[in-house]
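Below are the chains, spelled out letter by letter.
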Amino acid sequence: MQTNAAQESWLPNRGAAPAPPVGGAPPKLLKQEDDAMTEIPLWEVFIRPRNGLAHKHVGSLHAADEVMAVQAARDVYTRRGEGTSIWVVRSADIVAADPDQAAENYDPAGDKVYRHPTFYDIPDDVGHM
Amino acid sequence: MLWEGLLELADDHLVLGHRLSEWCGHAPMLEEDLALPNLALDLIGTARTLFDHAGKLEGAGRTEDDLAYLRDARVYRNCLLVERPNGDFAHTMLRQLYFAAFMELYWQQALDHTDDIVRGVAGKAVKEMGYHIRHSAEWVIRLGDGTEESARRMRAAVNALHRYTGEMFEPSYSELPNRVALQGAWEARLKPVFTEAMLDWPNDVFMQTGGRQGIHGEGLGHMLATMQILHRAHPGATW
């Protein structure tokens, strides 16, 4: 979690994932001193490193619209050949599960270890799975 | 001679690459602070290959460093457009758009050049210029069709820079693509961008020239002084 001091400025958070939602509130822009910058929305960036792999969240950035967001993602997150595909999503469009519901969401799975595929004997002929 | 033509091209790329690198740490937002050096590195990479190749073809033993760091403004052959000061963001983006749109067409003509290195550079640079056009055009459109202030700055950039575009299409060395023939396609590429950006395409502009003959603006000397001082003070310095 970020300190209050860090939340006073949007600068320390740039290029990093947004602060996790607190108390179920959706992610929102941090306080910004410059009014012009408050109009520039935040975008989450997803990069697919290779064919066959899924897009993975790599961070966030500010851009005026979706075209500029894809370009900025290209410049900020694929400079070292990290990707073959880029997705961007407005941070405000992400819906997060309510942390207050964590117990009812996640705890019931805790005692159902039989759901893991580790209870089967694999014949030697199958080799590595 | 081919090497002289390559030197001209290398000068264009190095000077514009250095100009863009001056934004490093000063861009209006982090995203652009990374994007502009990305563009700069594309250009400087191309310049290095061209300097190296020009030096070898010349056969006088000059290395890429000799050509980049030990020549004065008077013998630089870059066109005037690329040496124009960065100005504000509108100036920088328009200068980039003008140059990239020209170079993309130019490198397309060089894709089947007889020289292996020229062909190799062209193949790589066509893609890089494609991105430079996209990036700068999107900004030109957003600034031109943005706020009153951004539109005013964009128009000011057109007024200041358009007069330097004619020089790009001057005849050059016969061993390289014919620049004169590219002007129509260049204008056709840019006019829709201007329309979208709510900018008037300037007609009947007096075109400033002289860069190819070594007659440069005052700014190039200052730029080269900054760029060359380390190599001149510590010849052969590496890091």
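This text follows the structure it describes.
Residues numbered from 1 in each chain as written. Chains lettered and ligands numbered in written order. Predicted model: local features only at pLDDT ≥ 70, side-chain atom pairs only at ≥ 80, totals over all residues. Heavy atoms only, no water.

Here's the deal with the overall build of chain B
- Check the secondary structure of chain B and you find nine helices and zero strands.
- Along its sequence from the N terminus, chain B presents helices and strands in the succession α-α-α-α-α-α-α-α-α.
- Compactness check: chain B gives a C-alpha radius of gyration of 17 Å against a globular reference of 18 Å for 239 residues, within 12% of the reference.
- In terms of overall dimensions, chain B has a C-alpha envelope of 55 × 40 × 30 Å along the principal axes.
- The burial tally for chain B puts 54% of its 239 residues in the buried class. (Helix = DSSP H or I, 4+ residues; strand = E, 2+ residues; numbered from the N terminus. Rg over C-alpha atoms; globule rule 2.2 N^0.38 Å. Buried < 20%, exposed > 50% of the residue type's maximum accessible area, 1.4 Å probe, protein only.)

Focus on the pattern of salt bridges
Residues and elements named next belong to chain B.
- Going through the model one piece at a time under the given rule, you end up with 20 salt bridges over all chains.
- For Asp12, the salt bridge is made with Arg212, and the minimal N-O distance between the two is 3.0 Å. Of the two residues, Asp12 is situated in helix α1 (residues 2-21) and Arg212 in the loop between α8 (183-196) and α9 (218-233); the sequence distance between them amounts to 200 residues.
- Glu22 serves as the salt-bridge partner of Arg19, at 3.0 Å between the closest nitrogen and oxygen. (Salt bridge = Lys/Arg side-chain N within 4 Å of Asp/Glu carboxyl O.)

A few points about the pairing of strand β1 (residues 42-48) of chain A
All names here are of chain A.
- Most of β1 is tucked away, with six of its seven residues classed as buried.
- Examined bridge by bridge, β1 and strand β2 (residues 56-62) share six bridges and lie antiparallel to one another. Bridging from a neighbouring strand, Val45 pairs with Gly59 of β2. (Pairing = 2+ DSSP bridges.)

Notes on the interface of chain A and chain B
- On the chain B side, the residues contacting the 14 residues of chain A number twelve residues.
- Overall, the association of chain A and chain B removes approximately 1,400 Å² of surface from exposure, summing both partners, and the carbon and sulfur fraction of that is 56%.
- Contact with chain B buries surface across chain A, with Met68, Gln71 and Asp75 of chain A losing the most and accounting together for 39% of the total.
- Run the count over chain A and chain B and you get one salt bridge.
- The closest approach of N and O atoms between Arg142 of chain B and Asp65 of chain A, which form a salt bridge, is 2.6 Å.
- Here chain A and chain B share seven residue pairs in polar contact (both at pLDDT 80 or more) between them.
- Put simply, the parts of the chain that give the side of chain A that touches chain B at least two residues each are β2 and α3 (66-77) of chain A. (Contact = heavy atoms within 4.5 Å. Buried area = accessible area lost by both parts, 1.4 Å probe. Polar contact = N/O pair within 3.5 Å; in protein donor to acceptor, adjacent residues only side chain to side chain.)

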